[in-house]
Amino acid sequence: MKLYTLSSTQFIEKSIDEVFTFFSKPENLSVITPSKLGFKILTPTPIEMGPGRIIDYQIYLLGIPIHWRTLITDYNPPNMFIDQQIKGPYNMWHHTHTFHKVEGGVEIKDKVVYSIPFSILGRILNYLWIRKDLENIFVHRKKVIDKLFENNDFKSYT
């Protein structure tokens, strides 16, 4: 199984507690996810995060609805949590979210390790489309998050 890694870092000029509170609410994923994915949480809300929490979503890939189920495997407020795909479009999806208090704010790091189905075809798809699409999703997220936190709009989601 070929593994791929995608990493992203972002700085926010807020307290670690404020930033972690926003990110620890799965409901906020719909706010920061590109609308083209048609992201929808299927698990009844509000969702209380913690180890062992299973969360169901629906996204659309190329117009096809995909059921995505994740498991929170580690949860250490306000510094880190990990979600892993149980069911979804990838063979494997392991997403580590870390939050580090730094001078003037918080450094957010995302590290995703994933694997694509379909062997060699999956590798080609990752090279031609999937990796770039994932990178674009993280670029979109960064822009939305920057705007939310700059304008203090994040408070309406905490």
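Structure report, in brief.

Rules of the game
Residues numbered from 1 in each chain as written. Predicted model: local features only at pLDDT ≥ 70, side-chain atom pairs only at ≥ 80, totals over all residues. Heavy atoms only, no water. Helix = DSSP H or I, 4+ residues; strand = E, 2+ residues; numbered from the N terminus. Rg over C-alpha atoms; globule rule 2.2 N^0.38 Å. Buried < 20%, exposed > 50% of the residue type's maximum accessible area, 1.4 Å probe, protein only. Contact = heavy atoms within 4.5 Å. Core = buried A, V, L, I, M, F, W, Y, C linked by side-chain atoms within 4.5 Å. Arc of directions from axis to C-beta. Axes fitted to C-alpha atoms, helices over the stretch in contact; angles between N-to-C directions. Parallel < 35°, antiparallel > 145°, perpendicular 65-115°, else oblique. Left-handed = near helix turned anticlockwise from the far one by under 90°. Nonpolar A, V, L, I, M, F, W, Y, C, P; charged D, E, K, R; others polar. Pairing = 2+ DSSP bridges. Phe/Tyr/Trp six-rings, centres within 6.5 Å; stacked < 30°, edge-to-face > 60°. Patch = residues over 30% accessible without salt bridge, like charges linked within 9 Å, V, L, I, M, F, W, Y side chains within 5 Å. Areas by Shrake-Rupley, 256 points an atom, 1.4 Å probe, with all protein chains shown as cover. Salt bridge = Lys/Arg side-chain N within 4 Å of Asp/Glu carboxyl O.

To continue, consider the overall build of the protein. Scanning the protein for helices and strands turns up three helices and seven strands. Ordering the α and β elements of the protein from the N terminus gives β-α-α-β-β-β-β-β-β-α. Taking 158 residues into account, the globule formula puts the C-alpha radius of gyration at 15 Å, and the protein, at 16 Å, falls close to it. The buried share among the 158 residues of the protein stands at 42%. By sequence separation, contacts in the protein at least 24 residues apart represent 50% of the contacts at least 6 residues apart.

Turning to the nonpolar core, a few remarks are in order. One recurring pattern in soluble globular proteins: nonpolar side chains tend to sit buried together. Ranked by internal contacts, the top residues of the largest apolar core, which has 37 residues, are Val19, Phe23, Tyr90, Phe99, Tyr114, Leu134 and Phe149. Here the element with the most residues in this core is helix 3 (residues 119-150); it accounts for eight residues. Residue contacts for Tyr114: discarding those within four places in its chain leaves Lys2, Leu3, Tyr4, Thr5, Leu6, Tyr90, Met92, Trp93, Asn126, Ile130, Arg131 and Leu134.

Attention now goes to helix 1 (residues 16-23). For an α-helix, the turn length of 3.6 residues means that residues three or four places apart are oriented alike. Those residues of helix 1 that sit buried are Ile16, Val19, Phe20, Phe22 and Phe23. Around the axis of helix 1, the buried residues are gathered within 160° of arc, so they sit on the same side.

In the contact formed by helix 1 and helix 3, the axes pass within 13 Å of each other and the chain directions differ by 130°. With respect to their mutual orientation, helix 1 and helix 3 come out oblique. Judged by the twist between their axes, the crossing of helix 1 over helix 3 is right-handed. Residues Val19, Phe22 and Phe23 of helix 1 pack against Arg141, Ile145, Leu148 and Phe149 of helix 3. For the contact of helix 1 with helix 3, the class distribution of residues is six nonpolar, no polar and one charged.

Right, let's get into the pairing of strand 5 (residues 80-87). For strand 4 (residues 64-76) and strand 5, the ladder comprises seven bridges, and the chain directions are antiparallel. By the bridge assignment, Thr70 is partnered in strand 5 with Gln85. What sits between strand 4 and strand 5 in their antiparallel hairpin is a turn of three residues. Across five bridges, the pairing between strand 5 and strand 6 (residues 92-102) is antiparallel. Counted as the bridge partner of Asp83 is His95 from strand 6.

Turning next to the packing of aromatic side chains. Both the distance between ring centres and the angle between the ring planes are used here to describe each pair of aromatic rings. If you walk through the whole model with that rule in mind, you get 15 aromatic pairs. Here Phe20 and Tyr75 contribute two aromatic rings whose centre-to-centre distance is 5.7 Å and whose plane-to-plane angle is 50°, an arrangement assigned as tilted. Of this pair, Phe20 sits in helix 1 while Tyr75 sits in strand 4, and the two are 55 residues apart along the sequence. Ring centres 6.4 Å apart and planes at 50° place the aromatic pair Tyr75 and Phe81 in the tilted group. Its relative accessible area of 4% is what places Phe81 among the buried residues.

A grouping of Leu62, Ile64, Phe118, Ile120, Leu121, Ile124, Leu125, Tyr127, Leu128 and Trp129 is seen on the molecular surface, where their side chains present a nonpolar patch of about 1,100 Å² in accessible area. If you tally residues by element for the nonpolar patch, the top one is helix 3, at seven residues. With respect to the secondary-structure elements, Phe118 resides in the loop between strand 7 (105-115) and helix 3.

Quick look at the pairing of strand 6 now. Joining the antiparallel neighbours strand 5 and strand 6 is a turn of four residues. In textbook terms, the turn of a hairpin is the stretch between consecutive antiparallel strands, and for strand 6 and strand 7 this stretch comprises two residues, one of which, Gly104, has a positive phi near 90°.

Note that every value here comes from positions in space, so none of it alone points to a role or purpose.
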